[in-house]
Amino acid sequence: MESLNNSQSQTLDDHAFIELVKDCIGSAHILPIMTLLHEGENTQEKIQNSLSHLPEEELQTSLDKMIKFAIVQRLNNTTQGGPGAAWFLTPVGQEFRLILQDIERLKHKYTS
């Protein structure tokens, strides 16, 4: 994951891409969180209110994964979630959200 730990890195090597797919696509919470961020619901409080069924620990785990893969960045200097925490989708995150929406649409198209 070295290529993504550098905050200036905007590329994924093959290994990082495989990890991204395994860790993020495998989570049912990623797309709803990304959609909220895209719609401007980007604070801890707004996300928790919208996804009240999602335990805070799972929300933080999902956000940490997205930060790890440069899908999301913190908007402010908070190091963890909590009061004042806010995030935004990176350009990679914006494109990844569209891909996940296509996968979701495909799933609904071919399920009865």
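Structural notes, computed from the coordinates.

### Re the nonpolar core
Core analysis: the biggest nonpolar cluster contains 22 residues, and Ile33, Met34, Met66 and Ile71 have the highest contact counts within it. The element best represented in this core is helix 3 (residues 30-38), accounting for 6 residues. In contact with Ile33, other than residues within four places in its own chain, are Leu51, Leu54, Leu59, Ser62, Leu63 and Met66.

### Some points on the side chain of Ser62
When you line up the elements, Ser62 lands in helix 5 (residues 56-68). The exposure class of Ser62 is buried, given its relative accessible area of 4%. Ignoring any residue separated from it by four or fewer positions in sequence, one finds Ser62 in contact with Ser27, His29, Ile30 and Ile33.

### Some points on the layout of surface pockets
Once rolled over the atoms, a probe with the size of a water molecule shows which space is left empty. The calculated volume of the second largest pocket comes to roughly 180 Å³. Lining the second largest pocket we find Cys24, Ile25, Ser27, Ala28, Ile30, Leu31, Leu100, Ile103, Glu104 and Lys107. For the lining of the second largest pocket, the elements supplying multiple residues, two or more each, are helix 2 (14-25), helix 3 and helix 6 (91-109). The greatest single-element share of the lining of the second largest pocket, amounting to 4 residues, is contributed by helix 6. Per-class residue counts for the lining of the second largest pocket are 7 nonpolar, 1 polar and 2 charged.

### Concerning a nonpolar patch on the surface
Taken together, Phe17, Ile18, Val21, Ile25, Ile99 and Ile103 make up a surface patch of nonpolar side chains, about 500 Å² in accessible area. Going through the elements one at a time, helix 2 and helix 6 are the ones with two or more residues in the nonpolar patch. A total of 4 residues in the nonpolar patch trace back to one element, the largest contributor, which is helix 2. The class for Ile25 is partly exposed, based on a relative accessible area of 36%.

Thresholds, definitions, all that
Residues numbered from 1 in each chain as written. Predicted model: local features only at pLDDT ≥ 70, side-chain atom pairs only at ≥ 80, totals over all residues. Heavy atoms only, no water. Core = buried A, V, L, I, M, F, W, Y, C linked by side-chain atoms within 4.5 Å. Buried < 20%, exposed > 50% of the residue type's maximum accessible area, 1.4 Å probe, protein only. Helix = DSSP H or I, 4+ residues; strand = E, 2+ residues; numbered from the N terminus. Contact = heavy atoms within 4.5 Å. 1 Å grid on protein atoms, 1.4 Å probe; cavity = no way out; pocket = protein on both sides within 12 Å on 5 of 7 lines; lining within 4 Å. Points joined across faces, edges and corners; volume = space filled by probe spheres on them. Nonpolar A, V, L, I, M, F, W, Y, C, P; charged D, E, K, R; others polar. Patch = residues over 30% accessible without salt bridge, like charges linked within 9 Å, V, L, I, M, F, W, Y side chains within 5 Å. Areas by Shrake-Rupley, 256 points an atom, 1.4 Å probe, with all protein chains shown as cover. Salt bridge = Lys/Arg side-chain N within 4 Å of Asp/Glu carboxyl O.

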